[in-house]
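Each chain, letter by letter, is given below.
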2 protein chains.
Amino acid sequence: MPFQLTDDFLSQVEQHIANKDGLALKELLQELHFADIAEILEELNSDEATYLIKLLETELTSEALMEVDDDVREKILDRLSPKEIAAELEEMDTDDAVDMIAELDEDIQKKVIDKIVDEHHAADIVELLKYDEDTAGALMAKELVQVKETWTVAGCVREMRRQAKNVTRVHSIYVTNKQGQLTGRLSLKDLLTAGEKAHISDIFIPKVDYVTVHTENEEVARIMQKYDLEAIPVVDENGKLVGRITIDDIVDFIKDEAEKDYQMAAGLSQDVEADDTIWELTRARLPWLVLGLFGGLGSVYIMQGFEEALERFPILFFFTPLIAAMAGNVGVQSSAIIVQGLANDNVKGSLFNRLVKEVGLALINGSTLGLLVVIFGFIAGLDPLVGITIAVSMLSVIIVAALVGTFVPIILDKRGIDPAIATGPFITTSNDIFGIFLFFFISKLVLDF
Amino acid sequence: MPFQLTDDFLSQVEQHIANKDGLALKELLQELHFADIAEILEELNSDEATYLIKLLETELTSEALMEVDDDVREKILDRLSPKEIAAELEEMDTDDAVDMIAELDEDIQKKVIDKIVDEHHAADIVELLKYDEDTAGALMAKELVQVKETWTVAGCVREMRRQAKNVTRVHSIYVTNKQGQLTGRLSLKDLLTAGEKAHISDIFIPKVDYVTVHTENEEVARIMQKYDLEAIPVVDENGKLVGRITIDDIVDFIKDEAEKDYQMAAGLSQDVEADDTIWELTRARLPWLVLGLFGGLGSVYIMQGFEEALERFPILFFFTPLIAAMAGNVGVQSSAIIVQGLANDNVKGSLFNRLVKEVGLALINGSTLGLLVVIFGFIAGLDPLVGITIAVSMLSVIIVAALVGTFVPIILDKRGIDPAIATGPFITTSNDIFGIFLFFFISKLVLDF
């Protein structure tokens, strides 16, 4: 049953487009879900994709447009007139419409909004555009079903039939008071199983989870995941019900955030995929590699400063990759744990306790590893003093690396900067530099060169 | 409205537990959602938590038990008798019941199942236990609402009232034929707005997305995210409707998978959190650090093999951290992109094309970086031949690192092993070793030492 896009199917589509055979295309694609149309659009070139968008019903294409990768969507929108874009927006739920229009340049935005026929819809979109990008206000849709406490079940069902035409997914019906303030909710199940003459005020649930228009996206996702919600109502500063967020948007948000964090930890500076062009991939990868290069050159510079060790203790220079690797690994582990903890709101307790814990952890890990180094040195016939010196300076490097990896994200987070920046090449590069410096500094003190 | 667990509130809870004041506890906690109870349980010690579980209604505690961290749950279950565990399972939906019972030892599982009063429920749990852990069969619940095509709307509503008592979330009502095979679905909205005498066969939607009991979890998540589904029916090999998976379980799954991949990339061998004990954190972190250590010792060994370079070209040894860092960074970038691509089913096209692309990418990035090295060498007064040798060997290392980072995950994936293993310390350590070897090998060839 699930659709699979085969090369054969794709060639048929491309063939029909080349022949401008609209009828054959419509017949070929008529059974498909918009998500499948989106998959096809992503495999076509921009002109072919635009042809398809213009050909098919806006009811279908508007949904498909929201599903495609934003690069693909950008290229298609470039080829559509404001009037054509407005026609797509007309069909969309307000939350999707706002997402799409926000991607356009401001002057084009104005032209497009002017072309929207449904004034009410246009006004909703303009209202939603005002909200900060990372808040519930920007994520929410204005389509929902709401009833007043004072109505009867029969009246409610009548009103529902009217309102629900525009609402794709009805989970809960939201209950408000006369001023439009959110006071509770009503499940369709309860509505179906209640008597016709009962009043809403008798059967509704006065307890309802909600967020405000200014709540941050991460918090919305956290609440919805914690309470297993599929939709959450959004209220303004006066408690007035103004929109709702559905779980499908949160699922997309969670996935996007996870991918972003993962890529940041791997040193990729923007959203790339395995099948992007060489230029797009280079643009994402090169910046962090250059950072790593400068870190490496910094290490060269530092080691030149300790050149005198070459005479008596050249073996120290054989250990530099090990020191750098340990500093890097420990730093990445620490930062990954903290960054995940901050994202899940799991980082509690005093900073001092955390410092003590990290130092303790580093002491245990570092001592174990140091012991292994001493044993290796002993087996390899290394001067015991040198072996111990290396082990001790490695231990110091590990302690500092753990502290840096733990506290840099925390400090960034407190200053409102995304702590995930401090994972990946940023941490490994800086830890490499100070790690090598600390290693030689301590070795020089002990071995006296 | 959203509950915040304050230190003050927690102390009150702990106080009442110490005084064994059940009444005061019930009064304090009566308004709370099970997810909030779970939050409290995680802050108590195991004995306090068990006391609370035994005190409160199983309707509430069973849900709370599923929400807590598995470590916490394990300790609580250790302190409950099979009869008490069975009482909790009695209240749970079958998918949660199966998850919890699967965590127990097999001999305890049997005792618990024997104690379950509702035989039908026990039979369902036993059936679900048979399915492979990572498939739809293990993820699904048996609670759902299904109606036959041949019924009327009135009959359907009557049947719904009966079935829906046990079903927490009703989105779609699934429609089956006489043999119980899935043939379509019906939305509550459509049911509400249809006439009483209409037949289901007239109003139901014969098109419905589904998965089979053997479909893998990642595939279920992908389908539900792609088609914005909130629940998906599950059929057996004969097309018979046997269960359904709801979006809240998929949200949890997506989040857990993302965290697991992130931690694997950071070199953490199990699920840890920032507030775990030092021993738990050490157990998760030390293994990969030891791996990194052995990699570092391997580098020491390799460099001893090229000791002769110390006499004429000691500066080569100053560049080893840079070479290792570049090999590591490039490898991590490549593997992150591929592993994400494999997870999203985005990795298509022939392997040969991918190889050409990776080599091309590595050439561009490596040459840019090599140029920077040559420039740096020139400014620092380095012998031009040495500078170019370093740049060229760095370029070779980058090409090999990119290929390793790209193809090791692909090969693992083809063999059914989780490709995410090949991210993080595994890649960086192996790339360090061969990178340093390749660097000296090429340098020796060119500079002839």
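What counts and how
- Every chain is numbered on its own, with residues counted from 1 as its sequence reads.
- Throughout, the order in which chains and ligands are written sets their labels, letters from A for the former and numbers from 1 for the latter.
- This being a predicted model, a pLDDT of at least 70 is required before a residue's local features are given, and a value of 80 or more before pairs of side-chain atoms are given or counted; all residues contribute to the totals for chains, interfaces and linings.
- Hydrogens and waters are ignored; side-chain quantities use all the structure's heavy atoms.
- The helix count covers DSSP runs of H or I at least four residues long, the strand count covers runs of E at least two residues long, and both are numbered beginning at the N terminus.
- Using C-alpha atoms as the atom set, the radius of gyration is obtained and then compared with a globule rule of 2.2 Å times the number of residues to the power 0.38.
- In this scheme, a residue with accessible area under 20% of its type's maximum is buried, one over 50% is exposed, and one in between is partly exposed, where area comes from a 1.4 Å probe on protein chains only.
- Working definition of accessibility: Shrake-Rupley area with a 1.4 Å probe, residue cover restricted to the visible protein chains.
- Charge assignment: positive for Lys and Arg, negative for Asp and Glu; neither His nor the chain ends contribute.
- The location of each charge is read from NZ of Lys, CZ of Arg, CG of Asp or CD of Glu.
- By definition, the arc is the one covered by directions from the helix axis to the C-beta atoms.
- It only takes one pair of heavy atoms within 4.5 Å for two residues to be counted as in contact.
- Any two strands with at least two DSSP bridges between them are considered paired.
- Patches in this entry comprise residues that are over 30% relatively accessible and not in a salt bridge; like charges within 9 Å are linked, as are nonpolar side chains (Val, Leu, Ile, Met, Phe, Trp, Tyr) within 5 Å.
- Definition used for salt bridges: Asp or Glu carboxyl oxygen within 4 Å of a side-chain nitrogen of Lys or Arg.
- When the copies are overlaid, the least-squares fit takes in C-alpha atoms only where the residue has pLDDT of at least 70 in both copies.
- Throughout, an axis means a line fitted to C-alpha atoms (over the contacting stretch in the case of helices), and angles, computed between N-to-C directions, take values from 0 to 180 degrees.
- The split of the chain into domains comes from an automatic or database domain assignment.
- As used here, buried area is the combined drop in accessible area, with a 1.4 Å probe, of two parts when they are placed together.
- The definition of a polar contact used here is a pair of N or O atoms within 3.5 Å, where within protein one atom must be able to donate a hydrogen and the other to accept one, and adjacent residues in sequence count solely through side-chain atom pairs.
- When residue character is reported, Ala, Val, Leu, Ile, Met, Phe, Trp, Tyr, Cys and Pro are called nonpolar, Asp, Glu, Lys and Arg charged, and the others, Gly included, polar.
- UniProt positions are given in the numbering used here, feature names are shortened, and annotations may be inferred rather than shown by experiment.
- We define a nonpolar core as any set of buried Ala, Val, Leu, Ile, Met, Phe, Trp, Tyr and Cys residues linked to one another through side-chain atoms lying within 4.5 Å.
- Aromatic pairing here means that ring centres of Phe, Tyr or Trp (its six-membered ring) are within 6.5 Å. Orientation follows from the plane angle: under 30 degrees is stacked, over 60 is edge-to-face, and everything else is tilted.

Caption draft 1: Quick peek at the overall build of chain A. A tally of helices and strands in chain A yields 23 helices and 6 strands. Taking 449 residues into account, the globule formula puts the C-alpha radius of gyration at 22 Å, and chain A, at 30 Å, lies well above it. Structurally, chain A occupies a C-alpha span of about 90 × 60 × 45 Å along its principal axes. Going through the 449 residues of chain A one by one, you find that 54% of them count as buried. Total accessible area on chain A is roughly 20,100 Å²; 54% of this is exposed by carbon and sulfur atoms. Here chain A contributes 38 positively and 77 negatively charged side chains, and the mean placements of these two sets differ by 8 Å.

Caption draft 2: Helix α9 (residues 106-115) of chain A, seen in detail. Residue and element names in this part refer to chain A. Every buried residue of α9 is listed here: Gln 109, Val 112 and Ile 113. Down the axis, α9 shows its buried residues gathered within 100° of arc, on one side only. Among the exposed residues of α9, those pointing more than 90 degrees away from its buried face are Asp 107, Lys 110 and Asp 114. Structurally, α9 contributes buried residues whose contacts are with α7 (82-91), α8 (94-102) and α10 (119-129).

Caption draft 3: Quick look at the pairing of strand β6 (residues 241-246) of chain A. All names here are of chain A. In terms of residue burial, β6 counts as a mostly covered element, since 6 of its 6 residues are buried. The sheet contact formed by strand β5 (residues 231-235) and β6 spans 5 bridges and is antiparallel. If you follow Ile 232 over to β6, its bridge partner there is Ile 245. Taking the residues between adjacent antiparallel strands as the criterion, β5 and β6 are bridged by 5 residues, where Gly 239 takes a positive phi near 80°.

Caption draft 4: Representation of a nonpolar patch on the surface within the structure. Residue and element names in this part refer to chain A. Taken together, the side chains of Leu 385, Phe 437, Phe 441, Leu 445 and Val 446 define a hydrophobic patch exposed on the protein surface, amounting to about 480 Å² of accessible area. Here the nonpolar patch gets 4 residues from one element, more than from any other, and that element is helix α23 (residues 425-447). Structurally, Phe 441 is set in helix α23. We classify Phe 441 as partly exposed; its relative accessible area is 40%.

Caption draft 5: Spatial organisation of the relation of the copies chain B and chain A. In screw terms, the move from chain B to chain A is a rotation of 180° and a rise of 0.0 Å along the axis, fitting with an RMSD of 0.1 Å. The two molecules are tied by a two-fold rotation axis, judged by turn and shift. Considering only C-alpha atoms, the part of chain B nearest the rotation axis is B:Pro321, at 2.5 Å. Both copies contact each other with a shared surface, as 98% of the interface residues of chain B are interface residues in chain A too.

Caption draft 6: How the structure looks around the sheet that holds β6(A). All names here are of chain A. Strand order in the open sheet formed by 3 strands is β4-β5-β6, and the pairing between neighbours is mixed. In this open sheet, the two edge strands, each paired with only one partner strand, are β4 (211-212) and β6. With 2 bridges joining them, β4 and β5 adopt parallel strand pairing. When the bridges of β5 are listed, Thr 212 appears paired with Val 235. Set on the sheet, helix α15 (residues 217-226) makes contact with β4, β5 and β6; between it and β5 the angle comes to about 135°.

Caption draft 7: Structural view of the domain arrangement of chain A. Here chain A is described as being made up of domain 1 (7-139), domain 2 (145-246) and domain 3 (278-447). Averaged C-alpha coordinates put domain 1 of chain A and domain 3 of chain A at centres separated by 48 Å.

Caption draft 8: The arrangement of the interface of chain B and chain A in detail. Across the contact, 116 residues belong to chain B and 114 residues belong to chain A. Of the roughly 10,800 Å² buried between chain B and chain A on both sides combined, carbon and sulfur atoms contribute 64%. Here B:Arg285 and A:Glu358 are joined by a salt bridge, their closest N and O atoms 3.9 Å apart. Scanning the region where chain B abuts chain A turns up 25 residue pairs in polar contact (both at pLDDT 80 or more). Among the elements that line the side of chain B that touches chain A, the one with the most residues is helix α17 (residues 278-305) of chain B, at 17 residues. When grouped by side-chain class, the residues that make up the side of chain B that touches chain A number 65 nonpolar, 24 polar and 27 charged.

Caption draft 9: Main features of unusual backbone geometry. Its identity is not glycine, yet A:Asp448 carries a phi of approximately 60°, on the positive side. By secondary structure assignment, the location of A:Asp448 is in the segment after α23. Despite not being glycine, B:Lys20 shows a phi value in the positive range, around 50°. The residue B:Lys20 is located in the loop between α1 (7-18) and α2 (22-29) in this model. Since its relative accessible area comes to 59%, B:Lys20 is described here as exposed.

Caption draft 10: Just the UniProt feature "transmembrane region" (unreviewed entry) in chain A, in detail. Within the UniProt annotation, "transmembrane region" (unreviewed entry) is assigned to residues 286-303, 315-339, 359-379, 385-408 and 420-442 of chain A. In residues 420-442 of chain A, the share of helix is 78% and the share of strand is 0%. The end C-alpha atoms are 31 Å apart.

Caption draft 11: Expanded view of the UniProt feature "domain: CBS" (unreviewed entry) in chain A. The feature "domain: CBS" (unreviewed entry), as annotated in UniProt, sits at residues 140-203 and 204-260 of chain A in this numbering. Split by type, residues 204-260 of chain A is 42% helix and 23% strand. Its first and last C-alpha atoms lie 40 Å apart.

Caption draft 12: The nonpolar core, seen in detail. Of all hydrophobic cores here, the largest spans 126 residues; its most connected members are A:Leu29, A:Ile40, A:Ile245, B:Leu29, B:Ile40 and B:Ile245. Look past the residues within four positions of A:Ile40 in its chain and what remains in contact with it is A:Phe3, A:Leu5, A:Phe9, A:Leu10, A:Val13, A:Leu29, A:Leu32 and A:Leu52. Ranked by size, the runner-up nonpolar core spans 87 residues in total, among them A:Leu293, B:Leu286, B:Ile399 and B:Leu438.

Caption draft 13: Molecular detail of the sheet that holds strand β1 (residues 146-148) of chain A. Residues and elements named next belong to chain A. On the basis of which strands lie adjacent, the open sheet formed by 3 strands has the order β1-β2-β3 and mixed pairing. Both edges of this open sheet fall to β1 and β3 (182-187), since each of them pairs with a single strand only. Neighbour to neighbour, the strand axes of the sheet diverge by 35° on average, direction disregarded. The sheet contact formed by strand β2 (residues 172-176) and β3 spans 5 bridges and is antiparallel. Each residue of the ladder has a partner; that of Thr 176, found in β3, is Leu 182.

Caption draft 14: Seen up close, the environment of B:Ile254. Examined against the element boundaries, B:Ile254 turns out to sit in helix α16 (residues 247-265). When the C-alpha positions of B:Ile254 and B:Ile315 are compared, they lie 48 Å apart, and in sequence the two are 61 residues distant. When near neighbours in sequence (up to four residues on either side) are disregarded, B:Ile254 contacts A:Val251, A:Ile254, A:Lys255 and B:Ala221.

Caption draft 15: The arrangement of the side chain of A:Asn365 in detail. By the element assignment, A:Asn365 lies in helix α21 (residues 351-379). Setting aside residues no more than four positions away along its own chain, A:Asn365 makes contact with B:Thr282, B:Arg285, B:Leu286 and B:Leu289.

Caption draft 16: Here's a closer look at the pattern of salt bridges. On inspection of all chains with the given rule, the structure shows 22 salt bridges over all chains. With a closest N to O distance of 3.0 Å, A:Arg222 and A:Glu219 form a salt bridge. Here A:Arg222 pairs with A:Glu219, and both are found in helix α15, just 3 residues apart, close to one helical turn. Since its relative accessible area comes to 26%, A:Arg222 is described here as partly exposed. Taking the shortest distance from any N to any O, the salt bridge between B:Asp47 and B:Arg79 comes out at 3.0 Å.

Caption draft 17: Quick peek at the packing of aromatic side chains. Within the structure shown, the criterion is met by 14 aromatic pairs over all chains. On the basis of an interplanar angle of 50° and a centroid distance of 6.0 Å, the ring pair of A:Phe313 and A:Phe449 is categorised as tilted. With A:Phe313 in the loop between α18 (309-312) and α19 (315-318) and A:Phe449 in the segment after α23, this residue pair connects regions lying 136 residues apart in the sequence. Connected via pairs of aromatic rings, a cluster forms that spans A:Phe306, A:Phe317, A:Phe437, A:Phe439, A:Phe440, A:Phe441 and B:Phe318.

Caption draft 18: Spatial organisation of the side chain of B:Asp249. Residue and element names in this part refer to chain B. In this structure, Asp 249 sits in helix α16. Judged by its relative accessible area of 13%, Asp 249 falls in the buried class. Those residues in contact with Asp 249 that lie beyond four places of it in its chain are Asp 95, Asp 96 and Leu 139.

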